[in-house]
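This is what each chain is made of:
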Amino acid sequence: MEARVAEAPHDIRSIEAFLFLEAALLDERRYEEWLDLFTEDAHYWIPMERGQENPFDTVSLIYDDRMSMELRVRQFDTPNRHAQAVKTWTSHVIGNVMVAGEDQDGALIVTSNCHVLEAKGEALRNLGGRCTHRLLVRGGSYLIASKRFDLVNCDAPHDGFTVPI
Amino acid sequence: MNAHDIGDLVEATRVHRRVYADPDIFELEMERLFGRAWLFVGHESQVKAPGDFFTTFMGRQPVVVVRHQDGNVYVLNNRCGHRGTQVVGEAAGNADNFTCCYHGWMYRTDGSLRSVPLGQGYASDFDLDDPARGMVRVPRVDSYRGFLFASLAEDGPGLDDFLGYMTTSFDDMVDRAPDGELEVAGGIFKHTYDGNWKLVLENWCDGLHPNFVHISSVDTARGQSADTHTDGSGEIARRQMLQNGASLDFWENDCGLWTFPGGHCYIGDYHDDEKLVATRKDPEFAEYIGLLESAHGAERAEEILAVGRWNSNIYPNCSFMSQFRSLRIIHPIAPDRTQINVLLFKMKGAPEKMFLDTVRFANVTNGTGSPVLTDDLETYARISGGMESQGSDWIDVSRAMEQDQPFDHGGSHSPNGTSEIHIRNMFSAWREYMTDGGARG
């Protein structure tokens, strides 16, 4: 998808507020509401390789289509999600928010830097890198058509990921 | 610690917790087990052209796997003969020679020392051709149908003897390719967990744990609406998560375990048409079957697809499964810390969609963000925690022991897929390696 120059200036503060909202929902573990921020055919992708071209010919730390996203979120509500017997809590900091343009579907391409602290019991993990959101406007608010999170250490060995970041 | 002490840690029905938790035992494992057995190091397709190389570990020894100009694959200790610096810093690449960053010693890709700057400054009897001055070669390297193994021990059973009947598990995977060859592709997962290296081998042939460890992913998959949009990834995820919800009756009475000398094993009688039927209805799978039939005829193609093995473990360091063509390599780091690297394979001659499914399957079951794997990782961490307890020193491994039966090729069989026969078999091999130096059988 080629970005073309947007025809109107963007309200960067509104875009930031939306990204901060997404982060707040994740940090508060309000995953169902987080899912509601995405379109019905959205995908959520954390590539495993730097500059990974697609999630189909190479594996990913996470590649979820909409069904996989729902599976992931609904799993928190099951009574025996052992990996979350001790809950993971996150804290996101979003910065460097920029609008890169619009794609041919009219979605805004927004990039941001995102750092996440992940705490589970005594363990504390730092994750971070660059997020690329494709945002559509529906009924006056933003919806996420896709989210891509390029972690700075994507190709390092990792312990498991249980919560969306 | 003498052989008697070590031997006492393994009994017929139970093993002492020290085998999982004791740092001295771990060091001995690195020396006597990982230091002697044939270890899987990679696949020939990772080093296709002369000069192609990648780095990996044998136990904790850093090595370089490289295709030399003579066409052979060498496994070299990644260590300069001068002052011990790691010579190769990259994960993979192609090189005519390997040059040490410290003082410029240059090695050919068979590990021999080619040149040394200001060589006259070293000892007067300095010999470039002395193998000890080179990147010392791992003494034994061999391959079976493209799967590369190496051994740090100069002597011992050959690879074919070591693998024994488990060559049929490799055959199962390779024969599924219409062109009869596999190729590594799709990236390498690297995930770590807080647990002993032996735990994964036990888990991968454990038919009882899915109903308990994976219950949350099974329940989630059962409740998933089929109307939700999917590009195929979610559908594969849902299907694979459901498979862990097979009834206890299936695990106990339908599938079984086969074990062999040396600690190897596989779960068998696992696939049947009901599991494959979703794929068999898929037009791209039908295309794949057509290609297999063109290559081998309908009868042989059916025979190939009918082999119903799930995970096959090659003790001590790898496990693979043929239906989606993935292989996991075990890298021990510490008694309670392990890294697993996952290789995926493309089948030469098969439609692209088959590899697409390989990638999707890997994401959902082996991936760092897997809804399935993450509950296994949690379990391993709790095992490590439990091993600290002095409440009891013994780990019971006797489940379904009365159902153990002899099998051909020196092996044993349990008709009960929830048996711990594979654990008993691994510890039997473990004790041989750890006490009398690795005699097999």
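Predicted model only: the values in this text are computed from it and were never measured.

A.B. asks: Let's hear about the overall build of chain B: which residues, and what values?
C.D. replies: Looking only at helices and strands, chain B has 16 helices and 22 strands in total. Relative to its length of 441 residues, chain B is compact, with a C-alpha radius of gyration of 23 Å against a globular reference of 22 Å. Seen through its C-alpha atoms, chain B measures out along the principal axes to roughly 75 × 55 × 40 Å. Of all 441 residues assigned to chain B, the portion counted as buried reaches 58%. Long-range contacts, defined here as pairs at least 24 residues apart, represent 65% of the contacts in chain B between residues at least 6 apart. On chain B, roughly 17,100 Å² of surface is accessible, and the fraction owed to carbon and sulfur atoms is 47%. Averaged over its 39 positive side-chain charges, chain B has a centre that lies 3 Å from the centre of its 65 negative ones.

A.B. asks: Go over empty space enclosed by the protein with me, naming the residues and quoting the values.
C.D. replies: By the definition in use, this model includes 7 cavities of 30 Å³ or more. Lining the largest cavity are 32 residues, with Asn-244, Trp-310, Asn-311, Arg-328 and Val-372 of chain B positioned closest to its centre. Listing elements by their share of the lining of the largest cavity, those giving two or more residues are strand S13 (189–193), helix H6 (198–204), helix H9 (233–243), strand S17 (318–321), strand S18 (326–334), helix H14 (352–365) and helix H15 (373–387) of chain B. Tallied by class, the residues present in the lining of the largest cavity amount to 17 nonpolar, 12 polar and 3 charged. Considering the residues around the second largest cavity, the lining is formed by 16 residues, among which Tyr-63, Asp-64 and Ser-68 of chain A together with Asn-363 and Val-364 of chain B are closest to the centre. Among the secondary structure elements, those contributing two or more residues to the lining of the second largest cavity are strand S2 (60–65) and helix H3 (66–75) of chain A together with H9 and H14 of chain B. If you tally residues by element for the lining of the second largest cavity, the top one is S2 of chain A, at 5 residues.

A.B. asks: Provide a residue-level description of the nonpolar core, including the pertinent values.
C.D. replies: Residues and elements named next belong to chain B. Residues Phe-147 and Trp-430 are the most contacted members of the largest nonpolar core, which totals 126 residues. Per element, the largest residue contribution to this core is 7 residues, and it comes from helix H16 (residues 421–436). In terms of nonpolar packing, the next biggest core, distinct from the first, is built from 17 residues, Phe-53, Val-87, Phe-126 and Met-135 among them.

A.B. asks: Go over the sheet that holds strand S8 (residues 106–108) of chain B with me, naming the residues and quoting the values.
C.D. replies: Sheets are built from strands paired through backbone hydrogen bonds, the pairs being either parallel or antiparallel. All names here are of chain B. Here we have 3 strands laid out as an open sheet, ordered S7-S8-S9, and antiparallel in their pairing. At either margin of the open sheet sits one strand with a lone partner, and together these are strand S7 (97–99) and strand S9 (113–115). Neighbour-to-neighbour, the strand axes of this sheet turn through a mean angle of 35°, independent of strand direction. When S8 meets S9, the two strands line up antiparallel, connected through 2 bridges. If you follow Met-106 over to S9, its bridge partner there is Ser-115.

A.B. asks: Explain the sheet that holds strand S3 (residues 52–58) of chain B to me, using residue names and the numbers behind them.
C.D. replies: Residue and element names in this part refer to chain B. Taken in spatial order, the 4 strands of this open sheet run S5-S4-S3-S6, and their pairing is antiparallel. Edge positions in the sheet fall to strand S5 (73–77) and strand S6 (92–94), since each of these pairs with one other strand and no more. When the angles between neighbouring strand axes are averaged without regard to direction, this sheet yields 30°. By the bridge criterion, 5 bridges tie strand S4 (residues 61–67) to S5 in an arrangement that is antiparallel. The partner of Arg-67 across the bridge, within S5, is Val-73.

A.B. asks: An account of the packing of helix H3 (residues 23–32) of chain B against H16 of chain B is needed here, citing residue identities and associated values.
C.D. replies: All names here are of chain B. In the contact formed by H3 and H16, the axes pass within 9 Å of each other and the chain directions differ by 85°. Between H3 and H16, the angle is such that the two are roughly perpendicular. Residues Ile-25, Leu-28, Glu-29 and Arg-32 of H3 form the contact with H16, whose own contacting residues are Trp-430, Tyr-433 and Met-434. In the contact of H3 with H16, the residues fall into 5 nonpolar, no polar and 2 charged.

A.B. asks: Residue-level account of the layout of surface pockets, with values.
C.D. replies: Each pocket or cavity is described by its volume, and for the largest pocket that value is around 740 Å³. Mapped by element, the contributors of at least two residues to the lining of the largest pocket are strand S2 (39–43), S3, S6, S18 and strand S19 (337–347) of chain B. If one sorts the elements of the lining of the largest pocket by residue count, S3 of chain B sits on top with 6 residues. In this structure, the second largest pocket spans a volume of roughly 540 Å³. Taken together, 21 residues form the lining of the second largest pocket, with Lys-120, Asp-159 and Gly-160 of chain A together with Asp-194 and Glu-378 of chain B sitting closest to its centre. Considering each element in turn, the lining of the second largest pocket owes the most residues, 5 residues, to H15 of chain B.

A.B. asks: Any chance you could break down the confidence of the model for chain B for me, citing the residues and the numbers?
C.D. replies: Overall, the prediction assigns chain B a mean pLDDT of 93, with 97% of residues at 70 or greater. Per the prediction output, this complex has pTM 0.94; the corresponding ipTM is 0.92.

A.B. asks: With reference to specific residues and values, describe the interface of chain B and chain A.
C.D. replies: Counting residues at the interface gives 49 residues for chain B and 37 residues for chain A. In this assembly, chain B packs against chain A so that about 3,300 Å² is buried in total across both faces, 54% of it on carbon and sulfur atoms. For the interface between chain B and chain A, the tally reads 3 salt bridges. Inspection of the region where chain B meets chain A yields 31 residue pairs in polar contact (both at pLDDT 80 or more). Of all elements in the fold, only S13, helix H7 (210–213), helix H8 (215–222), H9, S19, H14 and H15 of chain B reach the threshold of two or more residues within the side of chain B that touches chain A. In the side of chain B that touches chain A, the residues fall into 17 nonpolar, 21 polar and 11 charged.

A.B. asks: A description of helix H13 (residues 298–306) of chain B should follow, citing residues and the corresponding values.
C.D. replies: Residues and elements named next belong to chain B. All of the buried residues along H13 are Ala-301, Ile-304 and Leu-305. Projected down its long axis, H13 shows its buried positions confined to an angular sector of 95°, all on one face. Of the exposed residues in H13, the ones pointing more than 90 degrees away from its buried face are Glu-299 and Ala-306.

A.B. asks: How would you explain the pairing of S2 of chain B if you had to name every residue and give the values?
C.D. replies: Residue and element names in this part refer to chain B. Counting buried positions over the 5 residues of S2 gives 5, a clear majority of the element. One ladder, built from 4 bridges, connects S2 with strand S11 (residues 147–151); its direction is antiparallel. In the strand pairing of S11, His-43 is matched with Phe-147.

Calculation criteria
- Residues numbered from 1 in each chain as written.
- Chains lettered and ligands numbered in written order.
- Predicted model: local features only at pLDDT ≥ 70, side-chain atom pairs only at ≥ 80, totals over all residues.
- Heavy atoms only, no water.
- Helix = DSSP H or I, 4+ residues; strand = E, 2+ residues; numbered from the N terminus.
- Rg over C-alpha atoms; globule rule 2.2 N^0.38 Å.
- Buried < 20%, exposed > 50% of the residue type's maximum accessible area, 1.4 Å probe, protein only.
- Contact = heavy atoms within 4.5 Å.
- Areas by Shrake-Rupley, 256 points an atom, 1.4 Å probe, with all protein chains shown as cover.
- Lys, Arg positive; Asp, Glu negative; His and termini not counted.
- Charge placed at Lys NZ, Arg CZ, Asp CG, Glu CD.
- 1 Å grid on protein atoms, 1.4 Å probe; cavity = no way out; pocket = protein on both sides within 12 Å on 5 of 7 lines; lining within 4 Å.
- Points joined across faces, edges and corners; volume = space filled by probe spheres on them.
- Nonpolar A, V, L, I, M, F, W, Y, C, P; charged D, E, K, R; others polar.
- Core = buried A, V, L, I, M, F, W, Y, C linked by side-chain atoms within 4.5 Å.
- Pairing = 2+ DSSP bridges.
- Axes fitted to C-alpha atoms, helices over the stretch in contact; angles between N-to-C directions.
- Parallel < 35°, antiparallel > 145°, perpendicular 65-115°, else oblique.
- pLDDT = per-residue confidence, 0-100.
- Buried area = accessible area lost by both parts, 1.4 Å probe.
- Salt bridge = Lys/Arg side-chain N within 4 Å of Asp/Glu carboxyl O.
- Polar contact = N/O pair within 3.5 Å; in protein donor to acceptor, adjacent residues only side chain to side chain.
- Arc of directions from axis to C-beta.

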